[in-house]
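# A closer look at the structure
These are the residues of each chain, in order.
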Amino acid sequence: MSEQTFTDADRNDGIEPDMVDQDSAPKSTAAGSGTVPMNMIQALNSALDAKMAEDPNVLSFGEDAGYFGGVFRVTDKLQEKHGLTRSFDAPISECGIVAAAIGMGAYGLRPVVEIQFADYIYPAYDQIVSEAAKLRYRSAGMFTSPITVRSPYGGGIFGGQTHSQSPESLFTHIAGLKVVVPSNPYDAKGLLTACIEDDDPTIFFEPKRLYNGPFDGWHEKPVSPWKAQELAQVPAEKYTVPLGKARIMKEGADVTILAWGTMVWVSLAGAEHAGVDAEVIDLRSLVPLDIEAIEASVKKTGRCVIVHEAPKTSGYGAELSALVQERCFYHLEAPIARVCGWDTPYPHAFEWEYFPGPERVAEALKSTMNGGR
């Protein structure tokens, strides 16, 4: 059967209802203007569409990322609009997907590849670490690797141990890589555009729990749609959000919370639940890191809580803790606290016991306000 004989029913076959809002499927906005309410799926699709329309060297591929538009539909309709050579399906080989992208990048293209889930990125780790991250250095600047590796990551969707992992710290450790995690539609489009235009390889993790709405961690409550949020008002035209610049999501005087992805919204909910006047910083990019914004905030508040989904041991929170201690030691009034996933595989049956929810964040905030006791 050729691709041309597939129907819309074929394209939607196998999609779980909670994966994507079919009533608000991504729509192209590359040629439009003004501001459009978008969820994160639509914003990412718009970024890809706009860059592919602007630059013929930009292309997108991955497993089921061509005709079917990806398991979460982030690349939906891109093949229809930009053609089979610009948006296409790849074999089930993460190593091969990234290796092909590196070769394309060295020859002047700007490939954006999708790893279907971050849990499947490990077979490509050698290519990312040994080739993409080192190409500019080993060639003395003769070649670059302007590739963007997109991947849904994180928990909160009952994906179990192989669909819920947060492996960002494995990439922040590698010189030559940039690591970016958006927490809202506006930043998602702007950051992805900046990554595509960057001449260095970028790992772009998309918190899948945020695709259709901000999630504050109170899983018993109905999901809030993005359309009610100011950060879901997304310019239809192309724009960029600079890498290495954090966003202060909420100003506060008592304690600084450092978070990214889904944990930004959980942190806001945790601070409200604890009744603490917290300053919540969305890091947006882990490498490069806006250390100046972190330092200024911690010196103001005198306290710091770090929140992430990944296991605590050797998580990126450990690096942040060391940086805060080195730069703000004489301003700290309590030990730095970390609220993280546990050092176990991500469980299916005990999703919410593992997930760092607002109650755990609130407990850490109260303890920190009490001097860490």
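Refer to the structure presented above.
So, a few notes on the structure that sits alongside this text. (Residues numbered from 1 in each chain as written. Predicted model: local features only at pLDDT ≥ 70, side-chain atom pairs only at ≥ 80, totals over all residues. Heavy atoms only, no water.)

Turning our eyes to something else, we now look at the pattern of salt bridges. Applying the stated criterion to the full structure yields 20 salt bridges. Note that Glu-54 is salt-bridged to Lys-51, the shortest N-O span being 2.5 Å. A residue pair is termed a helical-turn pair when its members lie 3 or 4 positions apart in one helix, as Glu-54 and Lys-51 do in helix α2 (residues 40-54) at 3 residues. Judged by relative accessible area, Lys-51 falls into the buried class, the value being 4%. Of the charged contacts, one joins Glu-279 and Lys-300 as a salt bridge, the two residues approaching to 2.5 Å between their closest N and O atoms. (Salt bridge = Lys/Arg side-chain N within 4 Å of Asp/Glu carboxyl O. Helix = DSSP H or I, 4+ residues; strand = E, 2+ residues; numbered from the N terminus. Buried < 20%, exposed > 50% of the residue type's maximum accessible area, 1.4 Å probe, protein only.)

This brings us to the sheet that holds strand β14 (residues 337-341). Strand order across the open sheet formed by 5 strands is β9-β11-β10-β13-β14, with mixed pairing between neighbours. Taken across any chain shown, the strands that pair with only one partner, and hence form the sheet edges, are β9 (247-250) and β14. Looking at each pair of strands side by side, their axes are set apart by 25 degrees on average, direction ignored. Where strand β13 (residues 304-311) lies against β14, 4 bridges are found, and the strand directions are parallel. What sits directly across from Val-307, in β14, is Val-339. Helix α13 (residues 358-369) contacts β10 (255-259), β13 and β14 of the sheet and is inclined by roughly 165 degrees relative to β14. (Pairing = 2+ DSSP bridges. Axes fitted to C-alpha atoms, helices over the stretch in contact; angles between N-to-C directions. Contact = heavy atoms within 4.5 Å.)

So, on to empty space enclosed by the protein. With a probe scaled to a water molecule rolled over the atoms, the places where space remains empty come into view. Considering all chains together, one arrives at 1 cavity of 30 Å³ or more under this definition. Empty space within the largest cavity amounts to approximately 30 Å³. In this structure, the largest cavity is lined by Tyr-153, Glu-168, Trp-260, Thr-262, Met-263, Val-307, His-308 and Glu-309. Elements with a minimum of two residues in the lining of the largest cavity: α9 (262-274) and β13. The leading source of residues in the lining of the largest cavity is β13, at 3 residues. Tallied by class, residues from the lining of the largest cavity come to 4 nonpolar, 2 polar and 2 charged. (1 Å grid on protein atoms, 1.4 Å probe; cavity = no way out; pocket = protein on both sides within 12 Å on 5 of 7 lines; lining within 4 Å. Points joined across faces, edges and corners; volume = space filled by probe spheres on them. Nonpolar A, V, L, I, M, F, W, Y, C, P; charged D, E, K, R; others polar.)

With that settled, the discussion passes to the state of the cysteines. On inspection of all chains with the given rule, the structure shows 0 disulfides. No disulfide involves Cys-328; its sulfur sits 8.0 Å from the nearest other cysteine sulfur, which is in Cys-304. (Disulfide = S-S within 2.5 Å.)

Over its 13 residues, α9 runs 19 Å from end to end, which matches the ideal 18 Å to within 8%, given 1.5 Å per residue. Most of α9 is tucked away: 11 of the 13 residues are buried. Along α9, the positions that sit buried rather than exposed are Thr-262, Met-263, Val-264, Trp-265, Val-266, Ser-267, Leu-268, Ala-269, Gly-270, Ala-271 and Ala-274. Tucked into the core, α9 has its buried residues touching β7 (202-207), β9, β10, β11 (278-282), β13 and α13. Looking at the residues trailing α9, positive phi occurs at Gly-275, about 70 degrees. (Expected span 1.5 Å × (residues − 1).)

Purely geometric stuff here, so don't read any function into it on its own.
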